[in-house]
Amino acid sequence: MPALAAAVDWTAPTSASAADAGRARLELRGLRKTLGDTAAVNGIDLRIASGESVVLLGPSGCGKTTTLRMVAGFIQPDGGEIHLDGVLASNASFALPPEKRRLGMVFQTYAVWPHKTVTDNVAYGLEVAGRSRAEIKAETGAVLDLVQLGGLANRFPAELSGGQQQRVALARALATKPSLLLLDEPLSNLDATLREEMRFELRGLQKNLGITTLYVTHDQDEALVLADRIVVMNKGRIEQIGTPEEVYHRPASRFVGGFIGIANMLEGEVAAVDRVGGRVLVALDAGDRLWSRAPERWLADATPGSRATVLLRPQDIKLERPEQPDQEAGTEATFVSETFLGNHYELKLQAGGTLLRVQSRVRGTFEDGRTRLWARAGSAWVVA
Amino acid sequence: MSEISLTSRAVGDRPSVSLLRRLSALQPVRFLVIGLSLAILFALIAYPLILLTGYSLVDAQGHLTFETFEKAFARRGMWQATVNSAWLVALVTIGACALGIPLAWIVARTDAPGKALVTLAAGVSFVIPTFISVISWIFLAAPNSGYLNKLAIDYLGFETAPFNIMSFGGLVFIEIVGVYPLVFFAVNAALNNVDASHEQAARILGSNRLRTTLTITLPLVRPAILSAVILVMLDALSSFGAPSAIGTMANFSVITTKIYDLLKFPPQFNYAAAVAMPIMVFTAISLLIQKYAIRAENFRTLTGKATPEQILTLGRWRWVAGGFCLIVALVTAILPVGALLLLSVLSSFGADIRLDNLVGKHYALIFDENFAARASILHSLLLALATATVCATLGLVLGWVVERFRFFGRELIGFLVMIAYGFPSIAYAVGILMGYVELFYGTLTLILIAYAGKLLPIAFVLVRNGIQQLSTDLEEAARISGAGWLRSIKDVTFPLVRGAVGIAWVLVFSLSLRELSMSAILAQSDTQVMPTVVLQFIEDGAVELAAALAVVIVVVSLSMLGLIRLFTAKKTTAVA
């Protein structure tokens, strides 16, 4: 994106005093919501600091959209509290109407009003706020330039492509300089190429403007690109909160490990515990013994003889013995299939009862369809 | 899915929430709107129906009894009227299907010539109410003086008049012509929506064209046929105009005309209510069947698009089918409309059709200041304006409340409105009469209440569908932008459903103009409307005047319907 937003004055209206520094822009405390007879959101605690980009990530039905809509004020929680800039916005008996929350929101369907031009769509929030005509004109123009729609200002939405409508929705959400920007799977209706492009563009915009963002998606790649912190949700609860690196490399649970990236899960039994080094030696059911790092909490309870599941990413499984292996003799595996994908080979191998997916730059050497697998040093991680 | 619950739960107050902030979240206007619309709905629909049921079940002393039914049906001719009604319903339903289904198939799936003509004819005969087509058919097929009969005797060598419209058979014929468009349009639309791939999949698997039609196409359009059949049955059962006009002359009765007779001076409310009960029960059962039996089949939502590949080339049969189309168009539209126009300018019924016999005196008389017809035109226009405005407004508010609010009783609104829809006009009018006669006796307001209640469902369904198609996101986007809910309606919802509201307004206006069954019961000498005057003219034998006034009704309705184009041709209304 060229010359991004440099010219736009982006001081969110409430970020003034230094006393606010420690106050979260958004805080959720024990948030709960039952829809029908399922607990859609079942006790969520989250703080989002000013300028931060947080992504709610999870499969459909995990409660991420419900959470977002509670923040927006379209759904009232059954329990818990929502605070915006330190002020109560929702609890079970009170709900500030959406229009009084000073938020911006980009909808999955874009929700661009078909009867208004691009300009009128973007200007709406400023009009409602009672700004002067000159101000509205100037700010609308600036925001449209920001999303590169300056040339289409007088078109109707029906005359725009999906991607352009998406930009209108974004411009409309940004125009009022909201204290918090909500995005509900905004890219899911775009085609694959455009989606990938928009990810990076959105992230650039968010960083340059320094706008606080809560983003909902089920797409892990989107989450990795867009997030300062990812909140992985499942069945109405938070499984893990962490930076993209943390949730990818050190998932807190089997679910997180399986949901983000491709995961090979190897079952085994703890043979030795090294609490100082933060790792355990796991005797894999598939054969061989492997030193694996582990979460502290799990490590505290781990004793030799207890069961463990080791997570290995496809690119962390090697077909050649590394210099300083975490293993003794390598795990024996049999060849199942091989696919050439340009920059690597995608191999399927059978180790014990488990089917493993391996991404390798080399084809590896097999004897009678057999080979030995090695974990890249320091990459093994216990998920449970 | 704006779902801030209306009943704020009695959880212990948090001191952190100030009273002011709390009040700002309450939105009292919302309560007011919901409360008011529910109240109006109860007054318009629930109250008259409860009264009607009540009256049929209590005697003069106020005791619960079934005696009213016994006495009502023991009256002379009542049983015969019930039998007549049953025959009418059965014959009309069979006839409408026999005519409508093959026509729909020919139009949707063959290359027969004259398909456009059939669609047009069905539209015309749908727009013209039976109490008007009766006039045409009296002109064409009255036993002695009907012009078709004269033609047959003078030129075709018939000994006696071959047609007699003033008979039970004539009534059945007129009713069939009036309702077959329901079947035709429903089945035609369904056939057009059967995606070619469904049928092609069967053909690929070795099924021939006939077998494919019977095992794939027909089951797919069955729900449409069943829905249409139910509508036709209800229509035939509650029809009043043609049975009244023909029944008076041919001396027979059906249930609806019996109800009308019971309300003549001195009115016998209890008996009228009791006689209306079978119609109500039949209606309720039909609607239940509709809801459960047909909806259950609606997994087969037809969303495809017919393609040229589905069109059957008829070959030699093409001209047979074309001839059928032509005859249908001639008999159901061209002849009646032509007859009506001709009669309205003919010096007198029975006169030879010659240029010097064509006069404008009937129209002059209708617009004459000193003649009752002129007042009825004004009344009708006034009522149509008021009814259309009331219904469009109520439809908008109710449709929006039902689609956008979640509260206890939300389903009740839709339910009440649909009851009014299925409810036979004549029975509903009896209910309105009982409920409001003391307040509004002899005023146009009384008629307005009846029109509004009966036609509200049409406005409601149209506007509700319009709102349903609007993604709630559009309104929520306005809320997030800082607009309150009232403003979000003004800026987003209303501009986007304006088209649907406009169409509803025009439709209700047109339907009000031609409403007869309720008007006949509710209108007094000072509050006559066009349809009641037309009926009076027919019964008095002044068919030329009836024709002239009927032409006025048809012309005004048709030109109003033309306005619909105004509301549909807008590029911005295309909402995904």
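Quantities reported herein were computed from a predicted structural model and do not represent experimental measurements.

Undergrad: Lay out the overall build of chain B with the relevant residues and their values.
TA: A count of helices and strands for chain B gives 25 helices and 0 strands. In chain B, which comprises 576 residues, the proportion classed as buried is 51%. Working note: accessible area of chain B is about 26400 Å², and carbon and sulfur atoms make up 67% of it.

Undergrad: Describe in detail the overall build of chain A, supporting the description with residues and values.
TA: If you tally the helices and strands in chain A, you get 9 helices and 20 strands. Each principal axis of the C-alpha atoms in chain A carries an extent, and together these give about 75 × 45 × 40 Å. Looking at chain A alone, contacts between residues at least 24 apart form 66% of all its contacts between residues at least 6 apart. Accessible surface for chain A amounts to roughly 16300 Å². Of this, 48% is attributable to carbon and sulfur atoms. Here chain A contributes 44 positive and 46 negative side-chain charges, whose respective centroids are spaced 3 Å apart.

Undergrad: Can you explain the environment of Gln528(B)? Please cite residues and give values.
TA: All names here are of chain B. Counting through the fold element by element, Gln 528 comes out in the loop between helix H22 (517–522) and helix H23 (530–540). The class for Gln 528 is partly exposed, based on a relative accessible area of 24%. Along the backbone, Gln 528 and Ser 376 are 152 residues apart, and their C-alpha atoms lie at a distance of 5.2 Å. With sequence-adjacent residues up to four places away left out, Gln 528 is seen in contact with Ser 376, His 379, Ala 523 and Val 533. At a separation of 3.2 Å, a polar atom in the side chain of Gln 528 contacts the main-chain carbonyl oxygen of Gln 524.

Undergrad: Now, about the packing of aromatic side chains: what can you tell me, with residues and values included?
TA: All names here are of chain B. What the rule picks out here adds up to 17 aromatic pairs over all chains. Where Tyr 55 meets Phe 269, the ring centres are 6.3 Å apart and the plane angle is 70°; that geometry is what we call edge-to-face. Pair noted here: Tyr 55 is in helix H2 (residues 28–57) and Phe 269 is in helix H13 (residues 269–296), with a separation of 214 residues, a long-range link. By relative accessible area, which is 28% here, Tyr 55 ends up partly exposed. Residues Tyr 436 and Phe 440 carry aromatic rings whose centres are separated by 6.4 Å and whose planes lie at 35° to one another, so their mutual orientation is tilted. Residue Tyr 436 and its partner Phe 440 are located together in helix H18 (residues 425–440), separated by 4 residues, close to a single helical turn.

Undergrad: Could you give me a rundown of the domain arrangement of chain A, with the residues and numbers involved?
TA: Residue and element names in this part refer to chain A. For chain A, the domain assignment lists domain 1 (22–254) and domain 2 (262–382). Put simply, the middle of domain 1 and the middle of domain 2, counted by C-alpha atoms, are 39 Å apart. With 6 residues of domain 1 at the contact, the number on the domain 2 side is 8 residues. Here domain 1 packs against domain 2, burying approximately 730 Å² in sum over the two surfaces, 45% of which is carbon and sulfur. Between domain 1 and domain 2 we count 1 salt bridge in total. Taken together, the connections running from domain 1 to domain 2 amount to 5 residue pairs in polar contact (both at pLDDT 80 or more). Classifying every residue of the side of domain 1 that touches domain 2 by side-chain character gives 3 nonpolar, 1 polar and 2 charged.

Undergrad: Can you lay out the pairing of strand S1 (residues 26–35) of chain A for me, pointing to particular residues and giving the numbers?
TA: Residues and elements named next belong to chain A. The pairing of S1 with strand S2 (residues 38–48) spans 8 bridges and is antiparallel. Paired with Leu 31 across the two strands is Ile 44, which belongs to S2. Taking the residues between adjacent antiparallel strands as the criterion, S1 and S2 are bridged by 2 residues, where Gly 36 takes a positive phi near 65°. Alignment of S1 against strand S4 (residues 79–84), held across 5 bridges, turns out to be antiparallel. Its bridge partner being in S4, Arg 29 is matched across the sheet by Glu 81.

Undergrad: I'd like a description of the sheet that holds strand S18 (residues 354–360) of chain A, backed by residues and values.
TA: Backbone-to-backbone hydrogen bonds join strands into a sheet, with any given pair of strands oriented parallel or antiparallel. Read from one edge to the other, the open sheet built from 5 strands follows the order S15-S19-S16-S17-S18 (chain A), with strand pairing classed as antiparallel. Here the strands that pair on one side only, and so sit at the sheet edges, are strand S15 (317–318) and S18 of chain A.

Undergrad: Now, about the sheet that holds S1(A): what can you tell me, with residues and values included?
TA: All names here are of chain A. What the 4 strands build is an open sheet, ordered S2-S1-S4-S5; its pairing is antiparallel. Strands at the two margins of the open sheet, each flanked by one partner only, are S2 and strand S5 (87–90). The mean angle between the axes of side-by-side strands here comes to 30°, regardless of whether they run parallel or antiparallel. Its contacts with the sheet place helix H1 (residues 64–72) against S1, S2, S4 and S5, and it is angled at close to 120° to S1.

Undergrad: Go over the layout of surface pockets with me, naming the residues and quoting the values.
TA: Residues and elements named next belong to chain B. If you add up the space inside the second largest pocket, you get close to 440 Å³. If you trace the second largest pocket, you find 25 residues lining it, with Ser 244, Tyr 260, Lys 264, Leu 535 and Glu 539 closest to the centre. Elements represented by at least two residues in the lining of the second largest pocket include exactly helix H11 (241–250), helix H12 (255–262), helix H16 (372–404), H22 and H23. With 7 residues, the top contributor of residues to the lining of the second largest pocket is H23. Looking at side-chain class alone, the lining of the second largest pocket contains 11 nonpolar, 10 polar and 4 charged residues. Of the residues that make up the lining of the second largest pocket, three or more belong to each of domain 1 (33–65 + 360–576) and domain 2 (78–358).

Undergrad: Hey, could you go over the domain arrangement of chain B for me, with residue numbers and the actual values?
TA: Residue and element names in this part refer to chain B. Splitting chain B by domain gives domain 1 (33–65 + 360–576) and domain 2 (78–358). Just the C-alpha atoms count here: the centres of domain 1 and domain 2 sit 25 Å apart. Taken together, the contact between domain 1 and domain 2 spans 40 residues of the former and 42 residues of the latter. Around 3400 Å² of area is buried between domain 1 and domain 2 when both sides are counted, 79% of it from carbon and sulfur atoms. Run the count over domain 1 and domain 2 and you get 0 salt bridges. Across the domain 1-domain 2 interface, the total number found is 9 residue pairs in polar contact (both at pLDDT 80 or more). Put simply, the parts of the chain that give the side of domain 1 that touches domain 2 at least two residues each are H2, helix H15 (361–366), helix H17 (410–422), H18, H22, H23 and helix H24 (543–562). If one sorts the elements of the side of domain 1 that touches domain 2 by residue count, H24 sits on top with 11 residues. For the side of domain 1 that touches domain 2, the per-class residue count stands at 30 nonpolar, 5 polar and 5 charged.

What counts, and where the lines are drawn
Residues numbered from 1 in each chain as written. Chains lettered and ligands numbered in written order. Predicted model: local features only at pLDDT ≥ 70, side-chain atom pairs only at ≥ 80, totals over all residues. Heavy atoms only, no water. Helix = DSSP H or I, 4+ residues; strand = E, 2+ residues; numbered from the N terminus. Buried < 20%, exposed > 50% of the residue type's maximum accessible area, 1.4 Å probe, protein only. Areas by Shrake-Rupley, 256 points an atom, 1.4 Å probe, with all protein chains shown as cover. Contact = heavy atoms within 4.5 Å. Lys, Arg positive; Asp, Glu negative; His and termini not counted. Charge placed at Lys NZ, Arg CZ, Asp CG, Glu CD. Polar contact = N/O pair within 3.5 Å; in protein donor to acceptor, adjacent residues only side chain to side chain. Phe/Tyr/Trp six-rings, centres within 6.5 Å; stacked < 30°, edge-to-face > 60°. Domains from an automatic or database assignment. Buried area = accessible area lost by both parts, 1.4 Å probe. Salt bridge = Lys/Arg side-chain N within 4 Å of Asp/Glu carboxyl O. Nonpolar A, V, L, I, M, F, W, Y, C, P; charged D, E, K, R; others polar. Pairing = 2+ DSSP bridges. Axes fitted to C-alpha atoms, helices over the stretch in contact; angles between N-to-C directions. 1 Å grid on protein atoms, 1.4 Å probe; cavity = no way out; pocket = protein on both sides within 12 Å on 5 of 7 lines; lining within 4 Å. Points joined across faces, edges and corners; volume = space filled by probe spheres on them.

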